[in-house]
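If you want the building blocks of each chain, they are given just below.
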Amino acid sequence: MQALIDLIAGFLVLLAASALAQFGVEIRRPADDQPEVRRVSDCGETPSRPAAIVAVQPKC
């Protein structure tokens, strides 16, 4: 029974693909090029330091 359902579903997909192909619609997407990744450094060669130093005195 499952094979019959799969056969009918496959036939319907084939029929829909052929009908859409008449209007120039492609089911498969063209392969997109992978975007180029560029690593950019904001600070150059300087070592990173904290922006501010905060000293907290404990209250007992």
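Residues numbered from 1 in each chain as written. Predicted model: local features only at pLDDT ≥ 70, side-chain atom pairs only at ≥ 80, totals over all residues. Heavy atoms only, no water.

A. Geometry of the overall build of the chain. Scanning the chain for helices and strands turns up one helix and zero strands. Sorting the 60 residues of the chain into buried and exposed places 0% on the buried side. As displayed, the chain has an accessible area near 6,900 Å², and 61% of this comes from carbon and sulfur atoms. (Helix = DSSP H or I, 4+ residues; strand = E, 2+ residues; numbered from the N terminus. Buried < 20%, exposed > 50% of the residue type's maximum accessible area, 1.4 Å probe, protein only. Areas by Shrake-Rupley, 256 points an atom, 1.4 Å probe, with all protein chains shown as cover.)

B. Broad picture of a nonpolar patch on the surface. Residues Met1, Leu4, Ile5, Leu7, Ile8, Phe11, Leu12, Leu14 and Leu15 make up a contiguous nonpolar surface patch of about 1,000 Å² in total accessible area. Checked against the element boundaries, Ile5 lands in helix 1 (residues 2-21). The class for Ile5 is partly exposed, based on a relative accessible area of 46%. (Patch = residues over 30% accessible without salt bridge, like charges linked within 9 Å, V, L, I, M, F, W, Y side chains within 5 Å. Salt bridge = Lys/Arg side-chain N within 4 Å of Asp/Glu carboxyl O.)

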